[in-house]
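# Remarks on the overall topology
Listed here are the chains, written in short residue letters.
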Amino acid sequence: MSVRVQAWGVIAAVLAGSDPAQAATRQRLSDRLDENPGVPERALLEHLLENRQQDSLDSGTPDTARAPFPRNAMPPQLLERLDAIRSLSRISALLENQMLMTAFQPIYGLASKSVVGVEALSRFVSDDGAGAELWFAEAASVGLGANLEFSALGSAADAAANLPPHLYVSLNVSPTSCIDPRLPELFEHIDLPVNRIVLELTEGISDDEYPHFISAITPLRERGLRIAIDDSYSGAGALSRMVHLRPDFIKLGRDIISGVDVDPTQQALAACMVDFAEQIGTELVAEGVETREELQVLTDLGISAGQGYLLGRPSVRPEEWAAWNTAKDPDGLIRLSDSENVAQGVSGRTDKH
């Protein structure tokens, strides 16, 4: 049985009711049908959302006056379809209203003792408090993943106009979106020069996608675009691909950074990555640097750059970005970071994207 037929069945059951307490509910459902002719599943979804909003306003209303069909009474196929429609509506509204902004987190050059770049992190204006990763996952589930990523890239490129001009800007993007033909077009319509852009891949590249990814990204790299990947893709096959891809940056996560100051094994692994990066001409960026001791060991090992709350938290304020225009010694950055974190009561790590 199709989703549409199932939706008609649920709607017919509601409209056939005779309970006077449900008269307003039946009328609202009938109105939604008139607004969505021939699309009963969308009419039903809108009716459910409207009832949910009404319930939140009338929390004291008896159960008999509320929605007459609970979710557990609906066929699984219909529920799946309704959830997809709801997600599609949420993401479409977010894109239409441009309900996102960009925070930048500084990337600190350990040798130069200055901020050399930033990572752009999306912040969503929503009333449900969902994190960025959940929004991007939901968008991908309904085929709008690339749309949301491109919207975030555009937002970050616009915000980057207020950054010191010498900083590179790392933008999170999936390999699938890199293959999308709209990506080169995006670069033609933003003011951020391509040689200041680093595309930071948010996930691994599948075997099927890899040839297409190389074909799509090579012309952009020839124009100055740079690529960053993280160290989470382990195994001989991944290392071989990494050598072939020759990323401009490899980002080391907390699985390597955490405890690097006290664990000889972690130090040995970090040292191996330094040697590997030198051999293939790549810079290493340590993510999630949280203690002075970690920072000192990473500097001594020859890691190129560091990123984390110890060196600077994400910020949406252009006046704070301006402070990244001048070199600061590590102790100065640490004192600044400590005072900001105490003032705002923040701690922990950042979401990707």
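The following refers to the structure shown. (Residues numbered from 1 in each chain as written. Predicted model: local features only at pLDDT ≥ 70, side-chain atom pairs only at ≥ 80, totals over all residues. Heavy atoms only, no water.)

## Digging into the packing of aromatic side chains
In the structure shown here, the tally under the stated rule is four aromatic pairs. With a centroid separation of 5.6 Å and 20° between ring planes, the pair formed by Phe-124 and Trp-135 is classed as stacked. In this pair, Phe-124 is assigned in strand β2 (residues 114–124) and Trp-135 in helix α5 (residues 132–141), connecting sequence segments eleven residues apart. Taking relative accessible area as the criterion, Phe-124 reaches 13% and is therefore assigned buried. By relative accessible area, Trp-135 is classed as buried at 4%. With 5.6 Å between their ring centres and 75° between their planes, Phe-124 and Phe-136 make a pair best called edge-to-face. Placement of the pair is Phe-124 in strand β2 and Phe-136 in helix α5, with a sequence separation of twelve residues. The burial state of Phe-124 is the same as that of Phe-136; both residues are buried. (Phe/Tyr/Trp six-rings, centres within 6.5 Å; stacked < 30°, edge-to-face > 60°. Helix = DSSP H or I, 4+ residues; strand = E, 2+ residues; numbered from the N terminus. Buried < 20%, exposed > 50% of the residue type's maximum accessible area, 1.4 Å probe, protein only.)

## Section: the packing of α5 against helix α6 (residues 145–159)
The interhelical angle for the contact between α5 and α6, taken along N-to-C directions, is 140°, at an axis separation of 7 Å. In this view, α5 runs oblique relative to α6, as classed from their interaxial angle. For the pair α5 and α6, the contacting residues are Trp-135, Phe-136, Ala-139 and Ala-140 in the first and Gly-145, Leu-148, Glu-149 and Ala-152 in the second. The class makeup of the residues in the contact of α5 with α6 is six nonpolar, one polar and one charged. (Axes fitted to C-alpha atoms, helices over the stretch in contact; angles between N-to-C directions. Parallel < 35°, antiparallel > 145°, perpendicular 65-115°, else oblique. Contact = heavy atoms within 4.5 Å. Nonpolar A, V, L, I, M, F, W, Y, C, P; charged D, E, K, R; others polar.)

## Observations regarding the pattern of salt bridges
Tallying each qualifying case throughout the model produces eleven salt bridges. Between Asp-180 and Arg-182 there is a salt bridge, and its shortest N-O distance comes to 2.9 Å. According to the relative accessible area criterion, Asp-180 is buried, its value standing at 16%. Since its relative accessible area comes to 33%, Arg-182 is described here as partly exposed. In this structure, a network of salt bridges that share partners links the residues Glu-119, Glu-200, Lys-251 and Glu-287. (Salt bridge = Lys/Arg side-chain N within 4 Å of Asp/Glu carboxyl O.)

## Some words on the nonpolar core
In terms of nonpolar packing, the biggest core is built from 59 residues, with Phe-104, Leu-183, Leu-199 and Leu-225 touching the most fellow members. Those residues in contact with Leu-183, other than ones at most four positions away along the chain, are Phe-150, Leu-153, Ser-177, Cys-178, Leu-199 and Leu-220. (Core = buried A, V, L, I, M, F, W, Y, C linked by side-chain atoms within 4.5 Å.)

## Details of the sheet that holds strand β5 (residues 226–230)
Strand order in the closed barrel formed by eight strands is β1-β2-β3-β4-β5-β6-β7-β8, and the pairing between neighbours is mixed. Where strand β1 (residues 100–109) lies against strand β8 (residues 305–306), two bridges are found, and the strand directions are antiparallel. Bridge pairing in β8 places Gly-109 opposite Ala-305. (Pairing = 2+ DSSP bridges.)

## With respect to helix α13 (residues 292–301)
Within α13, the full set of buried residues consists of Glu-294, Leu-295, Val-297 and Leu-298. Down the axis of α13, the smallest arc covering the buried residues is 165°, so these residues share one side. Residue Gly-302 follows α13 closely and has a positive phi angle near 95°. (Arc of directions from axis to C-beta.)

## Re the pairing of β2
With respect to burial, β2 is a largely interior element, nine of its eleven residues being buried. Note: β1 against β2, ten bridges, orientation antiparallel. Looking at β2, one finds that Leu-100 is bridged to Phe-124. Joining the antiparallel neighbours β1 and β2 is a turn of four residues, in which Lys-113 adopts a positive phi near 55°. Strand direction decides the pairing type here: β2 and strand β3 (residues 168–173), joined by four bridges, are parallel. Along β3, the bridge assignment pairs Ala-120 with Leu-171.

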